[in-house]
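Now for the letters of each chain:
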Amino acid sequence: MVRFLVTRLAGMVGVLFLVVLFTYAIFFALSPDPAVQICGKNCTPELIDQIRTNLGLDRPFYEQFLGFLSGLFVGTTYGTGANAIDCAAPCLGYSFQTGQPVLEMFEQRFGVSATLAVGAAVLWLFMGVAGGMLAAIKKGTWFDRAATGAALGGVSIPNYVLALVLQYVLVVKLGWLPFPQAVPFGADPGQWFLNFVMPWLVLAFTYASMYQRLTRANVLDTLDENFVRTARAKGLAPRLVWRRHALRPALTPVVTLFGMDFAGLLGGAIIIETVFGLNGVGKMASDSITKNDQPVIMGVTLVAAFLVIVGNVIVDIVYTTIDPRVRIGARA
Amino acid sequence: MSALLEVEDLTVTFRTAHGPVDVVDGLSFTLERGASLGIVGESGSGKSMTSLAVMGLLPPTASLRGRVSLDGAELTALPESKVRRLRGDRMAMIFQDPLSSLNPYYSVGMQIEEAYRAHRAGVTRRQARKVAVEAMERVHIADAARRVDHYPHQFSGGMRQRVMIAMALSTEPDLLIADEPTTALDVTVQAQILDLLQEVRRETGTALVLISHDLAVVSEIAEDVVVMRHGLAVEQAPAERLFSDPRHPYTRALLDAVPRIDDEIGELRAIDSIDVVGGKA
Amino acid sequence: MTISMTTLEAETGGAPSVGVAPPAPRQGVWHHLLRNRGAVLALSYIALVALLAVAAPLVVKLSGWGPYEFDQSAIDPNLGGLPIGPLGGISAEHWFGVEPGTGRDLFARIVYGARTSMLIAIAATTLTTLLGVLFGLLAGYHGGKVDQVVSRVMDFLMAFPALIFMIAILSALPASNRAPLLVLVISVFGWPYLARVVRGQTMTLTQREFVEAARASGASGWRIVLLEILPNLRSTIIVMTTLAVPGYIGTEAGLSFLGVGVVPPTPSWGQMIAQSMSWYAVDPVYFLLPGTFLFLLVLSFTVLGDRLKDVVDAGERR
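Residues numbered from 1 in each chain as written. Chains lettered and ligands numbered in written order. Predicted model: local features only at pLDDT ≥ 70, side-chain atom pairs only at ≥ 80, totals over all residues. Heavy atoms only, no water.

With that settled, consider the UniProt feature "domain: ABC transporter" (unreviewed entry) in chain B. Here, UniProt's "domain: ABC transporter" (unreviewed entry) annotation points to residues 5–255 of chain B. Secondary structure across residues 5–255 of chain B divides into 38% helix and 27% strand, with the first and last C-alpha atoms of the span separated by 27 Å. (UniProt positions renumbered as here; feature names shortened; annotations may be inferred. Helix = DSSP H or I, 4+ residues; strand = E, 2+ residues; numbered from the N terminus.)

We now examine the domain arrangement of chain A. Interface size is commonly expressed as the accessible area that is lost once the parts come together. For chain A, the assigned domains read domain 1 (32–91) and domain 2 (106–331). Here domain 1 of chain A and domain 2 of chain A have C-alpha centroids that lie 40 Å from each other. (Domains from an automatic or database assignment.)

Residue and element names in this part refer to chain A. Per the UniProt record, "transmembrane region" (unreviewed entry) is annotated on residues 9–30, 110–137, 149–170, 190–208, 250–276 and 296–319. Helix makes up 100% of residues 110–137 and strand 0%. Its end C-alpha atoms lie 39 Å apart. What you have in residues 190–208 is 100% helix and 0% strand, and the ends, taken at the C-alpha atoms, are 25 Å apart.

Quick look at the side chain of Thr206(B) now. Residue and element names in this part refer to chain B. Following the sequence through the fold, Thr206 ends up in the loop between helix H7 (187–204) and strand E8 (207–212). Look at Thr206 and you get buried, because its relative accessible area is 3%. A distance of 3.2 Å separates a polar side-chain atom of Thr206 from the backbone oxygen of Pro173. Looking at Thr206, its side chain comes within polar contact range of the side chain of Thr204, at 2.8 Å. Once you skip the residues sitting within four places of it in the chain, Thr206 turns out to touch Gly34, Ala35, Pro173, Asp174, Leu175, Leu176 and Arg201. (Buried < 20%, exposed > 50% of the residue type's maximum accessible area, 1.4 Å probe, protein only. Polar contact = N/O pair within 3.5 Å; in protein donor to acceptor, adjacent residues only side chain to side chain. Contact = heavy atoms within 4.5 Å.)

Residues and elements named next belong to chain B. Pairing in this open sheet of six strands is mixed, and the strands run E6-E7-E8-E3-E9-E10 from one edge to the other. This sheet does not close on itself; its edge strands, each paired only once, are strand E6 (91–94) and strand E10 (232–238). Geometrically, the sheet is characterised by an average inter-axis angle of 15° between neighbouring strands, direction not taken into account. (Pairing = 2+ DSSP bridges. Axes fitted to C-alpha atoms, helices over the stretch in contact; angles between N-to-C directions.)

Residues and elements named next belong to chain B. Read across the sheet, four strands follow the order E2-E1-E4-E5 without closing on themselves; strand pairing throughout is antiparallel. Taken across any chain shown, the strands that pair with only one partner, and hence form the sheet edges, are strand E2 (19–31) and strand E5 (73–74). The strands touched by helix H1 (residues 47–55) within the sheet are strand E1 (5–16), E2 and strand E4 (62–70), with E1 carrying the most contacts at an inclination of about 110°.

Turning our eyes to something else, we now look at the domain arrangement of chain B. Residue and element names in this part refer to chain B. Examined at the domain level, chain B breaks down into domain 1 (1–90 + 175–189 + 208–281) and domain 2 (98–172). Of note, the centres of domain 1 and domain 2, computed from C-alpha atoms alone, are 24 Å apart. Where Asp89 meets Arg120, a salt bridge forms, and the shortest distance between an N and an O atom there is 3.2 Å. Linking domain 1 with domain 2 are six residue pairs in polar contact (both at pLDDT 80 or more), by the criterion used here. Class assignment for the residues of the side of domain 1 that touches domain 2 results in seven nonpolar, three polar and five charged. (Salt bridge = Lys/Arg side-chain N within 4 Å of Asp/Glu carboxyl O. Nonpolar A, V, L, I, M, F, W, Y, C, P; charged D, E, K, R; others polar.)

Let us now look at the interface of chain A and chain B. Each partner contributes residues to the interface: chain A has 26 residues there, and chain B has 31 residues. Connecting chain A to chain B are two salt bridges. Note that Arg244(A) is salt-bridged to Glu114(B), the shortest N-O span being 2.5 Å. Across the chain A-chain B interface, the total number found is 14 residue pairs in polar contact (both at pLDDT 80 or more).

With that settled, the discussion passes to the interface of chain C and chain A. The partner chain A presents 44 residues to the 44 residues of chain C that form the contact. The contact between chain C and chain A buries some 3,900 Å² in all, and 78% of this surface belongs to carbon and sulfur atoms. Along the contact surface separating chain C from chain A lie one salt bridge. For Asp306(C), the salt bridge goes to Arg213(A), with nearest N and O atoms at 3.0 Å. (Buried area = accessible area lost by both parts, 1.4 Å probe.)

To continue, consider the side chain of Thr13(B). Residues and elements named next belong to chain B. As for its position among the elements, Thr13 is in strand E1. On the basis of relative accessibility, which here comes to 11%, the residue Thr13 falls in the buried class. A polar side-chain atom of Thr13 sits 3.4 Å from a polar atom in the side chain of Arg65. Thr13 has contacts with Pro20, Val21, Asp22, Thr61, Ala62, Ser63 and Arg65, leaving out every residue within four places of it along the chain.

As a further point, take helix H10 (residues 238–266) of chain A. Across its 29 residues, H10(A) extends 39 Å between first and last C-alpha, which sits within 8% of the 42 Å expected from 1.5 Å per residue. After H10(A) finishes, the residue Gly268(A) shows a positive phi value of roughly 105°. (Expected span 1.5 Å × (residues − 1).)

The subject of this paragraph is the packing of aromatic side chains. This structure, assessed with the given rule, holds 13 aromatic pairs over all chains. For the ring pair Phe17(A) and Phe65(A), a centre distance of 6.0 Å and an interplane angle of 70° mean the geometry is edge-to-face. Note that Phe17(A) is positioned in helix H1 (residues 2–30) and Phe65(A) in helix H4 (residues 61–74), a separation of 48 residues in sequence. Taking the relative accessible area as the measure of exposure, Phe17(A) reaches 39% and is therefore partly exposed. Ring pairs connect the aromatic residues Trp124(A), Tyr207(A), Tyr211(A), Phe258(A) and Phe262(A), which therefore count as one cluster. Positioned above the aromatic ring of Phe155(B) is the side chain of Arg147(B), whose terminal nitrogen or guanidinium carbon lies 4.2 Å from the ring centre. (Phe/Tyr/Trp six-rings, centres within 6.5 Å; stacked < 30°, edge-to-face > 60°. Lys NZ or Arg CZ within 6 Å of the ring centre and 35° of its normal.)

Quick look at the environment of Glu209(C) now. Structurally, the position occupied by Glu209(C) is in helix H10 (residues 209–216). With 14 residues separating them along the chain, Glu209(C) and Arg223(C) place their C-alpha atoms 16 Å apart.

Right, let's talk about the nonpolar core for a bit. Counting 157 residues, the largest nonpolar core has Trp124(A), Tyr160(A), Trp269(C) and Leu297(C) as its most contacted members. A domain-level breakdown of this core finds at least three residues from each of domain 1 (32–91) and domain 2 (106–331) of chain A. With residues up to four places along the chain from it excluded, the contact list for Trp124(A) reads Val129(A), Ala204(A), Tyr207(A), Ala208(A), Tyr211(A), Phe258(A), Asp261(A) and Leu265(A). The next biggest cluster of nonpolar side chains, apart from the first, holds 84 residues, and it includes Phe29(B), Leu58(B), Ile94(B) and Ala207(B). (Core = buried A, V, L, I, M, F, W, Y, C linked by side-chain atoms within 4.5 Å.)

Okay, here's the thing in structure tokens:
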């Protein structure tokens, strides 16, 4: 168990390192000169050189990369003398567009993304998992057919299309809901809810559909398992057969998937935030892409990768507590 | 007093895309307390469906006609909740594939305890655990007190089948149905499991229905044999008579398919003597 | 992106039912598929879109307007360039109406957008399948060191935040010719999901008698893999591939929607939807048309994949 954890954590650090290296190398090789970009209109070659030196852009790749890495762990200082700017660890650099520290931009926007993710997750777990279980129990009934049909539609409709349809109907035509804005909960809980409910629904619907399909298929597969027949042969109450012997094996893969999906969403729901104009991490990512703001793109990629990889490790750890076959290697 | 198990004109019908199909067709037999019966046939002969019908575990697409009585109680007339109380208590069953028949998520001890507690109201976990350890000892699982907390994947195939038998015996049932209990196992282990079933029957007085495609396996244990084909019982006779004087051509064909039956039994016996039972899995 | 890769993995790779079995007779599969109404409808729609894509220049000649022609007479400059007429300017002249602001013919852009979607989806599917099967076979058949290296690479790619990384790469790369890049990026992140299943099944098959027999008779490694193992993986590959196609279509549309996919003026459904966002309140037809076409295409491939899986599973159970 301890060895397993150590291996997993080492693997996680390795993957993270590779993500940083890949992303950095690609930006280093491909992006247009940021110094020119920062310099703006009234630019002279001397000014560009000055910026290059300040940002360390004149140094070779590996030096820049090491500089970036050490910035992540111990912080870094841009420029010299009076112009020097200190960037404390974990330093993700400064936006070329606004000059704001990338980390600070994150902190300002993370709340919106987290609100979106948590609200949607509650909805989709309920609709997807409960819906999938119910559909499996009532296989072949009208409920099963309706739920399964809805889920099929849900996995097929791109969420930005659904977002536009809902926004057109509920906001433009019927006027039931406001145009979504990230109203803080503290400011006005009612408005907060009304503003987030549509993004939650749209985001949750796609995931709920996937989870419904997965849950239903898993439950049906598990009910066919021989050990469920054994449980019935023991004369267990149907409730116990269902809860102990069918549900736990059927829901284990769902737990795995949930950890990864949720971690991914914390790193920003790019499409939903863009469509609804919610100022979260995802919106920040798509804006920085449009404006070619490299430090921000780098930062978002890294933080998203970090979240997904941490999510993966957490899932693995949870998995070991759920599934004894992972916890205890084959054969004692 | 009536026989332990009476099956009368049992017919099991499956609804299929091509209309109803009788997988068991008018089968009748009786089994006295402590007796043993073998049901032999190829796959698809309806032998497994017979056992599921007795247990009340037929799949929902199957329907049943005829009468099944356990110790005078007509199972086929009882509501499911009543049959459930008998299932796992008075009648128990073990299956072909002991790995997939055990739930990988729970320790074997928990799975045995569960079988026991399902039929003994008010039993504490500690008492149930004691029963589980005893049951595992009875089927010769060495170091049962420790092994009780292990998970199915930590046991070998033969040991898993022992666990299944321990689970079935924990409630001291009157009837044990073993559906191809040795088919998924290695030849040496097969003999051990058959010996164990014999021993258990001797010691506990449980009646046994042994289902197999293999006449050699059935001949080891069964006092009476039913030969099934296409859902019909083609021949029913005491084992000795069936082997010495098979009347139905199909029975003869089955016997011919198992050449040198005596040799093979002799061989299996020989293996018995190298008793590795209870060894480390 | 409509279908996350992890879900695809969970839905297909996770299901043990896509097992190792003798290849189902091809005729039987078609026969069963054609008897299923959902599968027939899905196939028909896919065929229709494919036909539109292939015959796009001809179709556009019939409808009269090309995808890049501006029709200033179809929009009202006083209303900020809104199409003249109801329903986004649908008329005998412009069958699906016109694009607000430019007056480009929407029918032509949908038809050419089908080209983009189908082309990218087919190319990505082909490349992903090639990579997935190749590396899966390699790792599964050789085992040992080869397997370890391939497996590590797969773990790495699957742990990667694929969408955001795709966006980052595509935004950094020159925008001149995005289509091949899209295919490449989708495939690089897509192949491990197929490879993992192929690897597992190859490992099982390698232990089977007929493979050992072939090996004992002196057949070479590649001969065994191609003649003995690959045919047995056919149904798995077909099912997994079909179920992956909607993911690729959705990914292409999603990336184009985010502005890092196909570069304008080349039309793509995702990109049309992105452009319709600023008009959706006044001209809903503009987003409903590409949205519906996209939805139905993804739906059709999903239904087809589901049915195919059912048929293959049922065949194996028999």
